[in-house]
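Now for the letters of each chain:
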Amino acid sequence: MEPELDALEEKLAQLVQRMDALREENRELRQQLANRTDENARIAEKLTAAKSRIEALLKQIPETES
């Protein structure tokens with residue numbers, strides 16, 4: 001019975017180690033997601049500002065008559 005308990009203890013230790021590794025990976029992925037979300041928001045703001053500037057410039061161009 002002792003070898004069975006040793007094997008079970010080893011498997012449990014591996015499981016705990018894997019769980020810790022997955023928790024760390026999950027934490028890192030959540031941080032990356034937060035960073036990308038912030039970056040996307042900044043890019044969206046820049047895009048909106050650029051669109052507004054382009055629209056303002058287009059309004060300044062006189063229409064040509066054909």
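In what follows, the structure referred to is the one given above.
Note that the structure is a prediction, hence the values are computed from the model and not measured. (Residues numbered from 1 in each chain as written. Predicted model: local features only at pLDDT ≥ 70, side-chain atom pairs only at ≥ 80, totals over all residues. Heavy atoms only, no water.)

1. Let's talk about the overall build of the protein
Link 1 in the chain: Each helix and strand counted, the protein has one helix and zero strands in total.
Link 2 in the chain: Among the 66 residues that make up the protein, the fraction classed as buried is 0%.
Link 3 in the chain: Total accessible area on the protein stands at roughly 6700 Å², and carbon and sulfur atoms take up 56% of it. (Helix = DSSP H or I, 4+ residues; strand = E, 2+ residues; numbered from the N terminus. Buried < 20%, exposed > 50% of the residue type's maximum accessible area, 1.4 Å probe, protein only. Areas by Shrake-Rupley, 256 points an atom, 1.4 Å probe, with all protein chains shown as cover.)

2. As for the pattern of salt bridges
Link 1 in the chain: Under the definition given, this model contains one salt bridge.
Link 2 in the chain: Between Glu-24 and Arg-27 there is a salt bridge whose closest N-O contact spans 2.7 Å. One end of the pair is Glu-24 and the other is Arg-27, both in helix 1 (residues 2-60) and three residues apart, which spans about a single turn.
Link 3 in the chain: The exposure class of Glu-24 is partly exposed, given its relative accessible area of 36%.
Link 4 in the chain: On the basis of relative accessible area, Arg-27 is assigned to the partly exposed category, the value being 47%. (Salt bridge = Lys/Arg side-chain N within 4 Å of Asp/Glu carboxyl O.)

3. Focus: a nonpolar patch on the surface
Link 1 in the chain: Where nonpolar side chains cluster on the molecular surface, the patch consists of Leu-12, Leu-15, Val-16 and Met-19 and spans about 360 Å² of accessible area.
Link 2 in the chain: Here Val-16 shows up in helix 1.
Link 3 in the chain: Among the residues examined, Val-16 registers a relative accessible area of 39% and is labelled partly exposed. (Patch = residues over 30% accessible without salt bridge, like charges linked within 9 Å, V, L, I, M, F, W, Y side chains within 5 Å.)

4. As for a negative patch on the surface
Link 1 in the chain: Together, Glu-2, Asp-6, Glu-9 and Glu-10 give the surface a local cluster of negative charge.
Link 2 in the chain: Looking at the element boundaries, Glu-9 is found in helix 1.
Link 3 in the chain: Residue Glu-9 is classed as exposed on the basis of its relative accessible area of 54%. (Lys, Arg positive; Asp, Glu negative; His and termini not counted. Charge placed at Lys NZ, Arg CZ, Asp CG, Glu CD.)

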